[in-house]
Amino acid sequence: AAGSQTPMVAPLPTERFIPVTALALVDRLTVPAAWPNGDHELARRFFRYLDFWRRQQHNRRLMSLLRAYEPFDPDSDLLITRQYTPDEKRRLQKRAVSEIKRILERANYVAIDPKSVEVILTKDSHYGLDLHVDLGVFEECLLYYRGASKKRDTRTNYRKFLRKEEFDVPIYRRLVLLFKLKPFAVRVKEVMAEKNISEKEAAKIVTRMRGSLPTEVKEDNIYIKLFKNIPRNDLEMVFPNTRVRFRLFDKIKLGVTGGGAVGMGLVGTAGKLAAGGLTVANPIALLGAVAGLGGIAFRQGVNFMNQKQRYMVVMAQNLYFHAMADNRGVLIKLSERGAEEDVKEEILLYSVLAKERAKRSDLPHIDAAIEKYLFDTFGIHVDFDLPEAL
């Protein structure tokens with residue numbers, strides 16, 4: 001609720017992501033004073049070639065990944081020229097998911113366990129929504145973030161005479177979601193075992209639950225979504241099967257207004273019955289009273305649906321401004337970012353090793369020195385991935 005304390009969010013470990021461009025690093029690492037033998041121009045030229053080479057390597061891996069992903073791409077407009085056997089499809093799925101994990105790690109994204117109740121299934125919400133996600137419907141589900149940060153926002157504090165106040169919202173600068181639905185038959189068997197019910201009853205439950213998914217979502221496809229600036233307390237809204245639930249405040253408000261209106265209608269009708277105004281002999285008046293009660297109940301039902309619709313609009317509007325790319329487009333963006341992260345790590349390490357002799361035992365000190373350089377130069381805290389750079 002507005003005016004309440006900002007929800008407590010657990011601190012996250014320092015990331016490997018270096019939030020500056022490779023060009024900004026090259027400009028600072030190749031100043032003449034940094035290369036006493038006058039080699040700064042050669043160093044800049046070498047870093048440029050290294051950039052080209054790394055991007056070529058990542059493009060080669062990307063082509064391999066896109067070929068593995070093609071049978072699962074929901075946006076593909078290519079002619080299907082062959083049918084895969086179930087075993088071939090499973091191998092391709094395993095390979096595609098494994099390579100996507102690898103490209104995410106090369107781009108310095110950090111994995112989130114979707115089953116972590118502390119992170120995902122929180123009741124605090126920046127947008128004032130109570131969201132619920134059934135994670136059991138997914139055969140594959142990956143959630144990765146990069147750039148855990150905060151942004152400033154404003155809200156109305158009703159305890160301070162409707163004054164506007166600023167507060168920090170913990171966010172993920174980038175968030176990637178990959179998911180694939182379980183086959184219908186597999187999910188039915190799971191529900192049968194979970195609820196100890198017949199196959200027919202389980203099939204009805206699974207069908208009803210899948211009714212909340214968009215009709216375009218098919219169980220044979222792998223979906224990949226890239227979002228920006230997602231509040232950490234609203235991660236549920238990026239899932240395709242998110243259900244909006246009424247908050248306690250809304251239940252009380254709708255219950256009080258609805259119960260009061262129906263109660264007043266019943267009291268009025270009972271009063272007329274007691275006074276003899278409504279009798280079987282006067283059917284028109286009786287039907288009018290019943291219609292009035294029905295109208296009151298209908299209005300409350302409309303209020304209920306309107307409130308739920310408002311919640312859905314809030315969620316859809318916010319997702320619209322957070323979405324960045326889908327499916328194949330996500331893979332292309334990740335490949336580009338992975339290449340840049342590799343280059344940034346390598347030029348930082350090379351700038352040290354090219355100037356003085358070092359032993360393997362010196363690497364922890366070099367790691368610490370690079371992290372200090374990044375903080376002193378850019379004011380950023382980074383867990384430098386020295387083994388990857390090496």
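The preceding data block contains the structure.
Residues numbered from 1 in each chain as written. Predicted model: local features only at pLDDT ≥ 70, side-chain atom pairs only at ≥ 80, totals over all residues. Heavy atoms only, no water.

## Some points on unusual backbone geometry
Within the chain, Asn108 stands out as a residue other than glycine whose phi angle is a positive 65°. Asn108 gets classed as buried once you look at its relative accessible area, which sits at 2%. Of note in this structure, Asn196 is not a glycine but carries a positive phi near 55°. With respect to the element layout, Asn196 can be found in the loop between helix H4 (184-195) and helix H5 (199-210). (Buried < 20%, exposed > 50% of the residue type's maximum accessible area, 1.4 Å probe, protein only. Helix = DSSP H or I, 4+ residues; strand = E, 2+ residues; numbered from the N terminus.)

## Some thoughts on empty space enclosed by the protein
Applying the stated criterion to the full structure yields one cavity of 30 Å³ or more. In terms of lining, the largest cavity is formed by Asp134, Val137, Met209, Arg210, Ser212, Leu213 and Asn241. For the lining of the largest cavity, the residue count by class is three nonpolar, two polar and two charged. (1 Å grid on protein atoms, 1.4 Å probe; cavity = no way out; pocket = protein on both sides within 12 Å on 5 of 7 lines; lining within 4 Å. Points joined across faces, edges and corners; volume = space filled by probe spheres on them. Nonpolar A, V, L, I, M, F, W, Y, C, P; charged D, E, K, R; others polar.)

## Concerning the packing of helix H1 (residues 22-29) against helix H9 (residues 363-378)
Between H1 and H9, the shortest axis-to-axis distance is 13 Å and the interhelical angle comes to 95°. As far as their axial angle goes, H9 and H1 are roughly perpendicular. Contacts from Leu25, Arg28 and Leu29 of H1 reach H9 at Tyr373, Leu374, Thr377 and Phe378. Of the residues in the contact of H1 with H9, the class split is five nonpolar, one polar and one charged. (Axes fitted to C-alpha atoms, helices over the stretch in contact; angles between N-to-C directions. Parallel < 35°, antiparallel > 145°, perpendicular 65-115°, else oblique. Contact = heavy atoms within 4.5 Å.)

## Quick word on the nonpolar core
Tyr109, Val176, Ile224 and Leu331 are the most contacted members of the largest nonpolar core, which totals 25 residues. Among the elements of the structure, helix H2 (40-69), helix H3 (86-106), strand E3 (138-157), strand E4 (163-181), strand E5 (223-231) and helix H8 (328-353) are those that each provide at least two residues to this core. Take this core: its biggest share by element is six residues, from H3. Ranked by size, the runner-up nonpolar core spans 23 residues in total, among them Ala22, Leu25, Ile347 and Leu386. (Core = buried A, V, L, I, M, F, W, Y, C linked by side-chain atoms within 4.5 Å.)

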